[in-house]
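Chain residues, written in single-letter form:
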Amino acid sequence: MALLASAGYPILRYITPPKGTESAATSVVAAKVGELARNSGKIFKFGDKPGILINDLSGELSAFNAVCTHLNCTVQYDPEAKCIWCACHNGRFDLKGRVISGPPPRPLEKYNVNIRGEDIVVSKSV
Amino acid sequence: MFQKAYNWFDERYGISDFKDTFAKKTVPIHKHFIWYYFGGITLFLLFVQIATGILLLFYYKPTAAEAYESVKFITTKVEFGWLIRSVHSWSANLMALSAFTHLFSAFFLKSYRPPRELTWVTGVGLIGIVMGLGFTGYLLPWNELSFFATKVGTQIAGSVPVVGSYLRTILRGGEEISDATITRFFALHVMVLPICTAALLGLHLVMVQLQGMSEPISVADNPDKKTMKFFPNFFLRDLVVWLLVLGGLLMLSVMFPWELGRKADPFMPTPLGIKPEWYFLWMFQTLKYLPAKILLFDGEVVGILGFGAAGIALVIVPFLDIWSRKGKRNPLLSIAGILAILYILLMTYLAYFGPQK
């Protein structure tokens, strides 16, 4: 038993990926001002995760972590239903990131959106 | 010449003993006889998988940057590359179908009853490995469909209570599906799982050889039962069935070459119609219908625990079925099996043809 444990432990540690590979990005330029038409959305790269920037009908910008809280699929903006939609299991979120319907158990993580010059900057609340 | 070679080996290794064992082996003849072919068909398709898999290794490159391009190269530039890949993909699916048919036929014929409990347990283990091979192989072309299906699949593993998060990290090689994931899946697909298959399949086949073929309860009690010699009678029939399967496999591979799809882009929204391999679909669809919360727990956690419980129940079927242990028939487990199959078929149908949005 001890022999098995002494052989198994290094193997278990070996297959555990080293920590610190995740990007520590806290803000990113998600788009240029005017790039996004009203009632549309855009997926952008936030570190190693996808984020979603939405320009709603009234021209208000909002951004969220685009990883669905159900099973990790990447959500998209549905311009017909005017909500955020996940194609995997039909989960729907409103434009505040709250769950409207479907299986997602939690709201989407909301990001801050600021305009700096020509850039739309999205940042995480620290 | 052949006799000389035979004698040479027999003097050294006593191969006559093996021959005698084969010569004594018989196969019961009864109205459910046809189901005996499915174990052999699964084995044959496994050989096809190994052969075509080795050929694919000559060109395949297991990195996120090159995997898709290398499969594209195989299918568009390498002579008969499209055929080798198509045969590999089709035979993988047919092998899963044949393995499930073999499992369900053994279930309904109650072949798991004593003394064959461990033959059943190793068989269920092999089904698990077949599913693992399908899951890991699905990602290797690094296309859109497989990328997101793997994302969902590994997240499902991540929902397992207590160890889920660690399990997901180990499977993905990090937090996200990335280069590290494809390397790991490749290692699992071409080394770890095939070695496990060889070990478990070896045990399974040795048990079948030692204990012989199982007979249904109705046949076991019949004093006038008929049998057929395994070698050469049943073996030759097996070969004919394998030839038919090979014909069907080649026809499917040529008429419906396996599609490559679009290259995965981790920073694109998940497209509509994302699906795992067909034998995972019923679970995928079930998770669609579960509400966000069931009592205090997340819906998917309850679903995953349910799938786990179903898997454990399947493994211990021989020990649950106390009636067949005594050689008695009891329809309860068969009814449960039929209901399970109907549920799987319904969920699979809904995943393909039900409303997508």
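Residues numbered from 1 in each chain as written. Chains lettered and ligands numbered in written order. Predicted model: local features only at pLDDT ≥ 70, side-chain atom pairs only at ≥ 80, totals over all residues. Heavy atoms only, no water.

## Considerations on the overall build of chain B
Regarding its fold elements, chain B presents 16 helices and four strands. The C-alpha atoms of chain B give 23 Å as radius of gyration, which agrees with the globular expectation for 357 residues (21 Å, within 12%). Reported as C-alpha extents along the three principal axes, the dimensions of chain B are approximately 65 × 55 × 35 Å. Expressed as a percentage of the 357 residues in chain B, the buried residues total 46%. Residue pairs in contact within chain B that sit at least 24 positions apart in sequence constitute 78% of those at least 6 positions apart. Accessible area of chain B: about 18900 Å², with a carbon and sulfur share of 73%. Across chain B, the 31 positively charged side chains and the 22 negatively charged ones have centroids separated by 6 Å. (Helix = DSSP H or I, 4+ residues; strand = E, 2+ residues; numbered from the N terminus. Rg over C-alpha atoms; globule rule 2.2 N^0.38 Å. Buried < 20%, exposed > 50% of the residue type's maximum accessible area, 1.4 Å probe, protein only. Contact = heavy atoms within 4.5 Å. Areas by Shrake-Rupley, 256 points an atom, 1.4 Å probe, with all protein chains shown as cover. Lys, Arg positive; Asp, Glu negative; His and termini not counted. Charge placed at Lys NZ, Arg CZ, Asp CG, Glu CD.)

## Quick notes on unusual backbone geometry
Cis geometry marks the peptide bond from B:Pro114 to B:Pro115; its omega dihedral reads 10°. Cis peptide bonds are those with omega within 30 degrees of zero, and the linkage from B:Phe231 to B:Pro232 qualifies with 10°. Counting through the fold element by element, B:Pro232 comes out in helix 11 (residues 230-255). One non-glycine residue, A:Asn72, lies in the positive phi region at around 80°. Looking at the secondary structure, you find A:Asn72 in the loop between strand 4 (61-65) and strand 5 (76-78). Relative accessible area serves as the criterion here: at 10%, A:Asn72 is assigned to the buried category. With a phi angle near 55°, B:Leu295 is a residue other than glycine that sits in the positive phi range. One can find B:Leu295 in the loop between strand 3 (293-294) and strand 4 (297-298).

## Here we look at the interface of chain A and chain B
Opposite the 32 residues of chain A that make contact, chain B presents 32 residues. Summed over both partners, the interface of chain A with chain B comes to about 2700 Å²; 60% of that surface belongs to carbon and sulfur atoms. For the chain A face of the interface with chain B, the top three residues by lost area are A:Leu71, A:Asn72 and A:His89, together amounting to 22%. Counting the contacts that link chain A with chain B gives two salt bridges. Between B:Glu176 and A:Lys49 there is a salt bridge; the shortest N-O distance is 3.4 Å. Our enumeration of links across chain A and chain B arrives at 11 residue pairs in polar contact (both at pLDDT 80 or more). For the side of chain A that touches chain B, the secondary-structure elements that each account for two or more residues are helix 1 (2-15), strand 2 (40-46), strand 3 (49-55) and strand 5 of chain A. Per element, the largest residue contribution to the side of chain A that touches chain B is three residues, and it comes from strand 2 of chain A. Per-class residue counts for the side of chain A that touches chain B are 15 nonpolar, 10 polar and seven charged. (Buried area = accessible area lost by both parts, 1.4 Å probe. Salt bridge = Lys/Arg side-chain N within 4 Å of Asp/Glu carboxyl O. Polar contact = N/O pair within 3.5 Å; in protein donor to acceptor, adjacent residues only side chain to side chain. Nonpolar A, V, L, I, M, F, W, Y, C, P; charged D, E, K, R; others polar.)

## Brief notes about the environment of A:Leu4
One can find A:Leu4 in helix 1. A:Leu4 sits 15 residues away from A:Lys19 along the chain, and the two C-alpha atoms are 26 Å apart.

## Thoughts on the sheet that holds strand 4 of chain A
Residue and element names in this part refer to chain A. Taken together, six strands build an open sheet; the order of strands is 1-10-9-4-3-2 and the sheet is antiparallel. Across the chains shown, the open sheet's two edge strands, defined by having one partner strand only, are strand 1 (27-32) and strand 2. Each neighbouring strand pair of the sheet contributes to a mean axis angle of 30°, computed without reference to strand direction. Sheet analysis places strand 1 next to strand 10 (residues 119-123), joined by five bridges and oriented antiparallel. (Pairing = 2+ DSSP bridges. Axes fitted to C-alpha atoms, helices over the stretch in contact; angles between N-to-C directions.)

## Section: the sheet that holds strand 5 of chain A
Residues and elements named next belong to chain A. Read from one edge of the open sheet, four strands run 5-6-7-8, paired in antiparallel fashion. Each end of this open sheet is capped by a strand with a single partner; those strands are strand 5 and strand 8 (99-101). If you compare each strand with its neighbour and ignore which way they point, the axes differ by 40° on average. By the bridge criterion, three bridges tie strand 5 to strand 6 (residues 83-86) in an arrangement that is antiparallel. Following the sheet pairing, tyrosine 77 is matched in strand 6 by isoleucine 84.

## Points about the side chain of B:Ser159
On the secondary structure map, B:Ser159 appears in the loop between helix 7 (144-158) and helix 8 (164-172). Judged by its relative accessible area of 8%, B:Ser159 falls in the buried class. What B:Ser159 contacts, discounting residues up to four positions off in sequence, is A:Leu71, B:Glu300, B:Val301 and B:Ile304.

## Notes on empty space enclosed by the protein
Applying the stated criterion across every chain yields a total of one cavity of 30 Å³ or more. Reported here for the largest cavity is a volume of approximately 60 Å³. Contributing to the lining of the largest cavity are A:Ala87, A:Cys88, B:Gly273, B:Ile274, B:Lys275, B:Leu281, B:Phe284, B:Gln285, B:Lys288, B:Ala351 and B:Gln356. Looking at the lining of the largest cavity, the element that brings in the most residues is helix 12 (residues 281-289) of chain B, giving four residues. Split by residue class, the lining of the largest cavity holds six nonpolar, three polar and two charged. (1 Å grid on protein atoms, 1.4 Å probe; cavity = no way out; pocket = protein on both sides within 12 Å on 5 of 7 lines; lining within 4 Å. Points joined across faces, edges and corners; volume = space filled by probe spheres on them.)

## As for the layout of surface pockets
Empty pockets left among the atoms are what a rolling probe the size of a water molecule brings to light. Residue and element names in this part refer to chain B. As a volume, the second largest pocket reaches approximately 1300 Å³. What lines the second largest pocket is a set of 50 residues, among which His88, Ser89, Ala92, Gly137 and Tyr138 lie closest to the centre. Split by residue class, the lining of the second largest pocket holds 31 nonpolar, 13 polar and six charged.

## Notes on the state of the cysteines
Under the criterion given, the structure shown has one disulfide over all chains. With no disulfide of its own, A:Cys86 has A:Cys68 as its nearest cysteine by sulfur position, at a separation of 3.9 Å. (Disulfide = S-S within 2.5 Å.)

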